[in-house]
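# Examining the three-dimensional arrangement
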Amino acid sequence: MKLEDKDLISIQEVRNLLCQAKIAQREISHFSQEKIDSICEAMAKAGEAASVRLAKMAQQETGFGIWQDKVTKNVFGSRMIYERYKDLKTVGILEEHPTDKVIDIAVPVGVVAGLIPSTNPTSSVFYKALIAVKAGNSIVFSPHPNALKAILEAVQVIRDAAIQAGAPSGLISCMTVPTLQGTQELMKNKNTNVILATGGGAMVHAAYSSGTPAIGVGPGNGPAFIEKSANAKQAVKHIIESQTFDNGTICASEQSIIVEEANKKEVKQELKAQGAYFMDSDEVAKLSKFILRANGTMNPQIVGKSVQVIAELADLNVPESTKVLIAPDTFENVGPKDPYAREKLAPILAYFEVANVATAEMLAQKLLENEGAGHTAMIHTENQAIAKHYALQVPASRILVNTPGAIGGIGATTNLTPALTLGCGAVGGSSTSDNVNPMNLLNLRRVAYGVRELSDIKATEPTQETNCDINTSNVATDKLVEELVKQVLAKLK
């Protein structure tokens with residue numbers, strides 16, 4: 001009987017791909033580090049070579065972003081990811097600890113399910129495939145339907161390169177009939193060992209609810225605090241560069257600016273000079289209707305669009321040279337119903353003025369607790385003590401200092417681990433706070449030699465009964481307990 005139902009076709013395709021991926025993973029699990037690395041090198045080179053073509057495909061298909069910036073992201077997801085991890089040991093014995101008599105051995109997780117978003121489709125394919133294969137795993141992709149053609153082409157590029165370099169044919173694959181039911185099958189199937197989820201909140205929640213171990217990331221909503229000691233011109237330059245890079249489609253990009261009373265005049269002048277347009281109250285109200293949908297979720301009509309497209313959509317009359325739209329906001333207004341206090345993934349920024357650093361820290365915390373907890377926050381300052389204090393107060397996994405948020409968070413302009421999947425930690429509902437890398441896609445098997453006997457760690461038995469009633473003050477008993485603790489600690493050293 002021929003299947004005609006799209007959902008059933010999708011489910012059957014997923015089952016077939018997972019079976020092939022499992023066989024391929026078993027084969028690659030016997031490969032040497034050198035063989036794995038040569039496959040990854042071939043994948044990275046192929047991805048980089050196709051970066052321009054795939055960037056144009058992704059922009060044309062999705063309507064998101066700027067293709068030239070997508071080229072940069074494709075190169076980052078291929079060559080830069082490979083270069084950073086090419087010397088990382090991920091096969092066999094990773095490290096021996098002679099003093100402790102412990103040995104660390106790498107064990108691949110197995111088959112990875114890779115969920116790919118429409119905002120960063122081709123670069124995410126390169127990145128996820130590289131970190132999966134580097135750790136000795138196979139990967140099956142679930143593509144966002146709105147970027148299906150570009151994602152399938154990106155998968156084809158690196159799959160062909162991997163096979164030519166000696167990889168088994170089922171190592172890297174992708175659903176060609178993406179449906180919700182097919183993706184659910186991918187996440188729940190017994191042959192899937194871990195889910196690497198990047199996408200909307202509902203999809204990430206589904207990954208964690210699937211019963212399969214998952215690494216998922218939540219939304220960003222990064223506030224950028226320009227502290228009064230900051231170089232205002234440079235800070236504004238970084239923020240605008242970040243927010244206009246691929247029209248703000250990287251989740252680590254700034255979503256709001258916080259300035260102090262002491263430097264607000266200078267910052268506002270710089271923002272205007274560098275292409276920011278401050279909306280009046282009527283314009284703020286007009287645009288707010290297009291940021292969130294009725295159900296409270298982000299409106300895809302504005303995602304990755306230029307200021308000019310957004311202005312036309314909202315019937316705003318802004319200068320043609322405008323790079324970023326600024327919406328003045330207040331501390332009291334921040335909440336789920338404030339569209340400017342949410343992640344927008346477009347060149348739109350909320351703007352706040354506060355009295356001092358303490359209030360800025362409270363506002364940053366409020367913004368992130370509203371949305372984006374555990375993700376990313378920025379501070380521009382020349383005062384290291386303030387930067388450290390800010391980092392201790394703000395609930396973000398990445399605190400970026402004097403750098404653009406979008407490309408600093410992924411590790412391009414910082415020395416953070418390079419990644420396109422940014423963990424938000426427990427506070428953000430994520431299983432990790434890492435910039436996800438090959439080490440997140442392998443397990444450690446530890447060999448541990450015995451170094452002491454049970455008799456060595458047993459406490460010396462008291463020679464006589466003592467009154468150990470906790471309600472009774474007994475100096476002799478206290479001294480005996482203290483002595484026993486010292487003996488045990490000494491033996492454990």
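Every value quoted in this text rests on a predicted model; they were computed, and no experiment measured them.

The next point concerns empty space enclosed by the protein. A full pass over the atoms with the stated rule returns two cavities of 30 Å³ or more. A volume near 60 Å³ is recorded for the largest cavity. Put simply, the parts of the chain that give the lining of the largest cavity at least two residues each are helix 4 (67-85) and helix 5 (121-134). Each residue belonging to the lining of the largest cavity can be placed in one class, and the counts come to seven nonpolar, no polar and two charged. Contributing to the lining of the second largest cavity are Leu54, Ala55, Ala58, Lys70, Lys73, Asn74, Asn120, Pro121, Thr122 and Ser123.

Here Ala262 lies in the loop between strand 9 (254-260) and helix 10 (264-273). Spatially, the C-alpha atom of Ala262 lies 44 Å from that of Asn440, the residues being 178 residues apart in sequence.

Here the focus is the sheet that holds strand 6 (residues 194-197). Pairing is parallel in the open sheet, where five strands are placed in the order 5-4-3-6-7. What marks the edges here is a single partner per strand, and that holds for strand 5 (172-174) and strand 7 (214-216). Averaged over all pairs of adjacent strands, the angle between their axes in this sheet comes to 20°, without regard to strand direction. In the sheet, strand 6 pairs with strand 7 via three bridges, with the strands oriented parallel. When the sheet's bridge partners are listed, Leu196 is paired in strand 7 with Ile215.

What tends to happen in soluble globular proteins is that the nonpolar side chains get buried as a cluster. In this structure, Met43, Val125, Phe141, Ile172 and Leu441 are the most contacted members of the largest nonpolar core, which totals 57 residues. The element best represented in this core is helix 5, accounting for eight residues. In this view, Leu441 contacts Pro108, Val109, Val112, Ile131, Ala132, Ala135, Asn137, Val194, Leu196 and Ile215; residues no more than four positions away in its chain are not counted. Listed in part, the 37 residues of the second largest apolar core include Ile310, Ala346, Val354 and Leu368.

This part takes up the pattern of salt bridges. Within this structure, the stated rule accounts for 15 salt bridges. Glu41 is the salt-bridge partner of Lys45, the closest N and O atoms lying 3.3 Å from each other. Taken together, the residues span about one helical turn, with Lys45 and Glu41 both in helix 2 (residues 33-49) at a distance of four residues. The partner of Asp315 in a salt bridge is Lys286, with the nearest N and O atoms 3.7 Å apart. Here the residue Asp315 occupies a position in the loop between helix 12 (307-313) and strand 11 (324-328), and Lys286 occupies one in helix 11 (residues 281-291), the gap between them amounting to 29 residues.

This part covers the pairing of strand 13 (residues 374-380). With seven of seven residues buried, strand 13 lies mostly within the body of the structure. With three bridges joining them, strand 8 (residues 222-226) and strand 13 adopt parallel strand pairing. By the bridge assignment, Phe225 is partnered in strand 13 with Ile379. With five bridges connecting them, strand 13 and strand 14 (residues 396-401) associate as parallel partners. Considered in strand 14, the bridge of Thr376 is made with Arg398. Handedness of the crossover is the feature at issue here: the chain leaves strand 13, passes through helix 14 (residues 384-393), returns alongside strand 14, and the resulting connection is right-handed.

By volume, the largest pocket is sized at about 1,200 Å³. Looking at the lining of the largest pocket, the elements that each hand over two or more residues are strand 3 (111-116), strand 4 (138-143), helix 7 (180-188) and helix 8 (201-208). Ranked by residues supplied to the lining of the largest pocket, first place goes to helix 8 with three residues.

A few words on the sheet that holds strand 14. Strand order in the open sheet formed by seven strands is 10-11-12-9-8-13-14, and the pairing between neighbours is parallel. The sheet is open, and its two borders are formed by strand 10 (276-278) and strand 14, each paired with just one other strand. Each strand axis lies, on average, 25° off the axis of its neighbour in the sheet, ignoring direction. Across the sheet, helix 11 touches strand 10, strand 11 and strand 12 (348-354), and the angle it forms with strand 11 is around 110°. Along the sheet face, helix 13 (residues 357-370) touches strand 8, strand 9, strand 12, strand 13 and strand 14 and points at about 160° away from the line of strand 9.

Quick look at the packing of aromatic side chains now. Under the defined criterion, the tally for this structure stands at two aromatic pairs. Aromatic side chains Phe278 and Tyr351 sit 5.2 Å apart centroid to centroid with 80° between the ring planes, which places their arrangement in the edge-to-face category. Of the two residues, Phe278 is situated in strand 10 and Tyr351 in strand 12; the sequence distance between them amounts to 73 residues. The ring of Trp67 has Lys56 sitting right over it, with the charged end atom 4.7 Å from the ring centre. Sitting over the ring of Phe278, Lys272 keeps its end group 5.7 Å from the ring centre.

The next thing to look at is the environment of Leu171. The residue Leu171 is located in the loop between helix 6 (148-164) and strand 5 in this model. Overall, Leu171 belongs to the buried group, its relative accessible area being 1%. In the structure, Leu171 is positioned 14 residues away from Glu185 in sequence and 19 Å away in space, judged by C-alpha atoms. If we ignore the near neighbours within four places in the chain, the residues touching Leu171 are Ala24, Ile28, Val133, Asn137, Ser138 and Ile139.

Criteria and thresholds
- Residues numbered from 1 in each chain as written.
- Predicted model: local features only at pLDDT ≥ 70, side-chain atom pairs only at ≥ 80, totals over all residues.
- Heavy atoms only, no water.
- 1 Å grid on protein atoms, 1.4 Å probe; cavity = no way out; pocket = protein on both sides within 12 Å on 5 of 7 lines; lining within 4 Å.
- Points joined across faces, edges and corners; volume = space filled by probe spheres on them.
- Helix = DSSP H or I, 4+ residues; strand = E, 2+ residues; numbered from the N terminus.
- Nonpolar A, V, L, I, M, F, W, Y, C, P; charged D, E, K, R; others polar.
- Pairing = 2+ DSSP bridges.
- Axes fitted to C-alpha atoms, helices over the stretch in contact; angles between N-to-C directions.
- Core = buried A, V, L, I, M, F, W, Y, C linked by side-chain atoms within 4.5 Å.
- Buried < 20%, exposed > 50% of the residue type's maximum accessible area, 1.4 Å probe, protein only.
- Contact = heavy atoms within 4.5 Å.
- Salt bridge = Lys/Arg side-chain N within 4 Å of Asp/Glu carboxyl O.
- Right-handed = clockwise from strand over helix to strand, strands pointing away.
- Phe/Tyr/Trp six-rings, centres within 6.5 Å; stacked < 30°, edge-to-face > 60°.
- Lys NZ or Arg CZ within 6 Å of the ring centre and 35° of its normal.

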